Amino acid sequence: MSQDTEIRLQIGVLAAGAWGTALAANWAQRHQVTLWAREPDVVASINAAHMNRRFLPDILLPESLRATVDLVDLQDSDVLVLATPVAGLRSTLLALQALYAGKALPPLVWVCKGFEPETGLLPHQVVHDVLGDVAAAALSGPSFAQEVAKGLPTAVTLGSADLALAEQLADWLHTPNLRLYASGDVVGVEVGGAVKNVLAIATGIADGLSLGHNARAALMTRGLAEIGRLCERLGGHRETLTGLAGLGDLILTCTGDLSRNRQVGLALGAGKTLQETLDALGHVAEGVGTAREVARLAEDLQVEMPIARAVAAVISGELKAKDAVIQLMSRAQRAE
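Residues numbered from 1 in each chain as written. Predicted model: local features only at pLDDT ≥ 70, side-chain atom pairs only at ≥ 80, totals over all residues. Heavy atoms only, no water.

**Considerations on the overall build of the protein chain**
Part 1 of the argument: In terms of helices and strands, the protein chain carries 14 helices and 8 strands.
Part 2 of the argument: By the compact-globule yardstick of 20 Å for 336 residues, the protein chain fits well, its C-alpha radius of gyration being 20 Å.
Part 3 of the argument: Counting only C-alpha atoms, the protein chain reaches 55 × 40 × 35 Å along its principal axes.
Part 4 of the argument: By the burial criterion, 55% of the 336 residues in the protein chain qualify as buried. (Helix = DSSP H or I, 4+ residues; strand = E, 2+ residues; numbered from the N terminus. Rg over C-alpha atoms; globule rule 2.2 N^0.38 Å. Buried < 20%, exposed > 50% of the residue type's maximum accessible area, 1.4 Å probe, protein only.)

Take a look at the structure:
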């Protein structure tokens, strides 16, 4: 499908954390964007100073970007982008359901990565659970919010069960520095984006323990095999994991200093408690909750995921970081 650089849409972005703000700022290059936030101080800062001082400090936002605390201001959007954490996805969908009562929803795009706490559902399953069959897609891939907000080159994937919709949204949402690739494998896109956060904690732990580059490479490689096993078990395709939403995101999150999940692992490897780590981080690290859900899913579905299970055990306090490494290295030999 050819890209139409002239089309101008109304895009509503729900949640003004670092990632939501970064995407809103990027899309404001092409479209009319309204950013919804719960925090009045964030809205005031964006509208008056063109900065999100709480979640994305020191980055100047486009003057055309408008923020609001009133969800009704997003009612005329051509596309709605949900930038809440996975734990807040269901409540946000219920709010949209009430807002659009009796009217058709515009296409939805969610950018959260993980499994819903308690239910273990992927985001597209939560969307279907609340709204039924609606036009929807998942955006995932190697993308630090700070770099996207600064306009640095970034490429991501849009996954939807409706490939034509993914292609249309990719056409609408591309910018000069944000390239989008369409995929018909929403399960693969979501599983890759979710589990790589758990592996980033694992590689962070290894780096915090000063285990070296060999260990990091081994964890990433064997971790990708774990993602593939779970992906296939949930109905996705391993081929998707060779792209941006799988390998690309894994490399970035496991090696980049801006990765929140890697920072969690570094702190745990250095001997800090989980609570100390999260208090110091000040942002959501999706891998913490995801590790628990992945470990539970792996057990329920009988999928072999020793690295993910070890991370979950460290996070829950069942294992110390050093003991988790010993446990992984002492597993029975097997063919790769």
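Anyway, onward from the coordinates.
**A closer look at the UniProt feature "binding site: NADPH" (unreviewed entry) in the protein chain**
Part 1 of the argument: In this structure's numbering, the residues bearing the UniProt feature "binding site: NADPH" (unreviewed entry) are Trp-19, Arg-38, Lys-113, Ala-145, Arg-260, Val-284 and Glu-286.
Part 2 of the argument: Summarising the element assignment, Val-284 is placed in the loop between α11 (274–281) and α12 (286–301).
Part 3 of the argument: Not counting residues within four places of it along the chain, the set of residues in contact with Val-284 comprises Pro-85 and Arg-260.
Part 4 of the argument: Here Glu-286 is to be found in helix α12.
Part 5 of the argument: Residues contacting Glu-286, with those up to four places away along its chain left out, are Pro-85, Val-86, Cys-112, Lys-113, Asn-197 and Asn-261. (UniProt positions renumbered as here; feature names shortened; annotations may be inferred. Contact = heavy atoms within 4.5 Å.)

**A short note on the side chain of Ser-160**
Part 1 of the argument: Inspection of the secondary structure assignment puts Ser-160 in the loop between β7 (154–159) and α6 (163–173).
Part 2 of the argument: At 2.8 Å, the side chain of Ser-160 and the backbone oxygen of Ala-136 are in polar contact.
Part 3 of the argument: Of note is the side chain of Ser-160, whose polar atom sits 3.0 Å from the backbone nitrogen of Asp-162.
Part 4 of the argument: The residues touching Ser-160, leaving out its near neighbours within four places in the chain, are Ala-136, Ala-137, Leu-165, Ala-166, Ser-183, Gly-184, Asp-185 and Val-186. (Polar contact = N/O pair within 3.5 Å; in protein donor to acceptor, adjacent residues only side chain to side chain.)

**Things to note about the domain arrangement of the protein chain**
Where interface size is quoted, it is often the accessible area lost as the parts come together.
Part 1 of the argument: Domain boundaries in the protein chain define domain 1 (10–184) and domain 2 (193–330).
Part 2 of the argument: Between the C-alpha centres of domain 1 and domain 2 the distance comes to 25 Å.
Part 3 of the argument: Listed per partner, the contact involves 25 residues of domain 1 and 24 residues of domain 2.
Part 4 of the argument: Both sides of the domain 1 and domain 2 interface together cover about 1800 Å² of buried area, and 69% of this is carbon and sulfur. (Domains from an automatic or database assignment. Buried area = accessible area lost by both parts, 1.4 Å probe.)

**Description of the nonpolar core**
Part 1 of the argument: Grouped together as the largest cluster of nonpolar side chains are 68 residues, with contacts concentrated most on Leu-93 and Leu-108.
Part 2 of the argument: When residues in this core are grouped by element, the largest group, 13 residues, is from helix α7 (residues 186–208).
Part 3 of the argument: Among the domains, domain 1 (10–184) and domain 2 (193–330) are the pair contributing at least three residues each to this core.
Part 4 of the argument: Not counting the four nearest positions on each side in its chain, Leu-108 is found in contact with Leu-80, Leu-82, Leu-93, Leu-96, Val-127, Leu-131, Val-134, Ala-135, Ala-136 and Ala-137.
Part 5 of the argument: By size, the runner-up hydrophobic cluster in this structure holds 44 residues, among which are Ala-24, Leu-35, Val-81 and Val-109. (Core = buried A, V, L, I, M, F, W, Y, C linked by side-chain atoms within 4.5 Å.)

**Considering helix α1 (residues 18–27)**
Part 1 of the argument: The element α1 is extensively covered by neighbouring structure, given that 10 of its 10 residues are classed as buried.
Part 2 of the argument: The set of residues buried in α1 consists of Ala-18, Trp-19, Gly-20, Thr-21, Ala-22, Leu-23, Ala-24, Ala-25, Asn-26 and Trp-27.

**Description of the sheet that holds strand β2 (residues 32–36)**
Part 1 of the argument: As summarised here, the arrangement of the 8 strands in space is β3-β2-β1-β4-β5-β6-β7-β8, forming an open sheet in which the pairing is mixed. Because the sheet does not close on itself, it has two edges, and the strands there are β3 (66–68) and β8 (178–183). Averaged over all neighbouring strand pairs, the angle between strand axes comes to 25 degrees, with direction disregarded.
Part 2 of the argument: Direction of pairing for strand β6 (residues 136–140) relative to β7: antiparallel, over a ladder of 3 bridges. By the bridge assignment for β7, Leu-139 is matched with Leu-158.
Part 3 of the argument: Strands in contact with helix α3 (residues 89–99) are β1 (10–14), β4 (79–82) and β5 (108–110); relative to β4, the strand with the most contacts, it is inclined by about 155 degrees. (Pairing = 2+ DSSP bridges. Axes fitted to C-alpha atoms, helices over the stretch in contact; angles between N-to-C directions.)

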